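Results of the structural survey
Listed below are the residues making up each chain.
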Amino acid sequence: MSIFGVRMAQDQAVAGALPLPTSLAGATAAIAGCSLPLLFSSANQSNAMIPYDLPINATHQMVVRRGTAISIRRRCR
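Residues numbered from 1 in each chain as written. Predicted model: local features only at pLDDT ≥ 70, side-chain atom pairs only at ≥ 80, totals over all residues. Heavy atoms only, no water.

**A look at the overall build of the protein**
What counts is decided by this rule: Each helix corresponds to a stretch of at least 4 residues labelled H or I by DSSP, and each strand to a stretch of at least 2 residues labelled E; elements are numbered beginning at the N terminus. Atoms counted for the radius of gyration: C-alpha only. Globule rule: 2.2 Å times the number of residues to the power 0.38.
Assigned secondary structure in the protein consists of 0 helices and 9 strands. What you see in the protein, going N to C, is helices and strands ordered as β-β-β-β-β-β-β-β-β. Taking 2.2 N^0.38 as the reference for a compact globule, 77 residues should give roughly 11 Å; the C-alpha atoms of the protein span a radius of gyration of 12 Å, in line with that estimate. Taking the principal axes of the C-alpha coordinates as reference, the protein spans close to 35 × 30 × 20 Å.

Now the structure itself:
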């Protein structure tokens, strides 16, 4: 999946080997409490793999971090 935001990573980075890292350029992402493997991270975008065993048709919380900064939910208009 692609996650968009601002100041999400310290730099631009691409995963260079398998297994994919769960931290890339200072960015991390987790859904339903599970760290996501990252393919790419930059200041405005991160690409992550969704776990295949994530229950479908359910609501899950996603948290994106850069260092000690944690994502916040913004209201859509």
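**Thoughts on the pairing of strand 4 (residues 27-31)**
Rules: Only protein chains enter the area calculation, which uses a 1.4 Å probe; residues under 20% of their type maximum are buried, those over 50% are exposed, and those in between are partly exposed. When DSSP locates at least two bridges between a pair of strands, those strands are taken to pair.
Judged by how many residues are buried, strand 4 sits mostly within the fold: 4 of 5 residues are covered. Strand direction decides the pairing type here: strand 3 (residues 23-24) and strand 4, joined by 2 bridges, are antiparallel. Among the inter-strand pairings, Leu24 is bridged to a residue of strand 4, identified as Ala27. Hairpin connection, strand 3 to strand 4: the antiparallel pair is bridged by 2 residues, and Ala25 has positive phi, about 55°. As paired strands, strand 4 and strand 8 (residues 62-66) are joined by 5 bridges and run antiparallel to one another. Its bridge partner being in strand 8, Ala27 is matched across the sheet by Arg66. Two strands pair when backbone bridges link them, and strand 4 and strand 5 (residues 34-35) are joined in this way by 2 bridges, in the antiparallel orientation. In the strand pairing of strand 5, Ala30 is matched with Ser35. The turn joining strand 4 and strand 5, which pair antiparallel and follow one another in sequence, is formed by 2 residues; a positive phi near 55° is taken by Ala32.

**Structural notes on the nonpolar core**
Spelled out, the test is: Working definition of a nonpolar core: buried Ala, Val, Leu, Ile, Met, Phe, Trp, Tyr and Cys residues. They are joined through side-chain atoms within 4.5 Å. In what follows, residue pairs with any heavy atoms lying within 4.5 Å of each other are defined as contacts.
Judged by nonpolar contacts, the single largest core of 14 residues is most densely connected at Ile3, Ala29, Leu36, Leu38 and Val64. Discounting residues that sit within four places of it in the chain, Leu38 has contacts with Ala15, Leu20, Pro21, Thr22, Ser23, Leu24, Ala27, Thr28, Ala29, Asn47 and Ala48.

**Examining the environment of Gly5**
Turning to its location among the elements, Gly5 is positioned in the loop between strand 1 (2-4) and strand 2 (13-14). Sequence-wise, Gly5 and Val64 are 59 residues apart; in three dimensions their C-alpha atoms are separated by 9.6 Å. Filtering out sequence-adjacent residues up to four positions away, Gly5 remains in contact with Ala43 and Asn44.

**Overview of the sheet that holds strand 6 (residues 38-41)**
If you trace the 4 strands from one edge of the open sheet to the other, you get 1-7-6-2, paired in antiparallel fashion. A strand with exactly one partner marks an edge of an open sheet, and here the two such strands are strand 1 and strand 2. Pairing geometry for strand 2 and strand 6, over 2 bridges, is antiparallel. Residue Ala13 lies in a different strand from strand 6, and its bridge partner there is Ser41.

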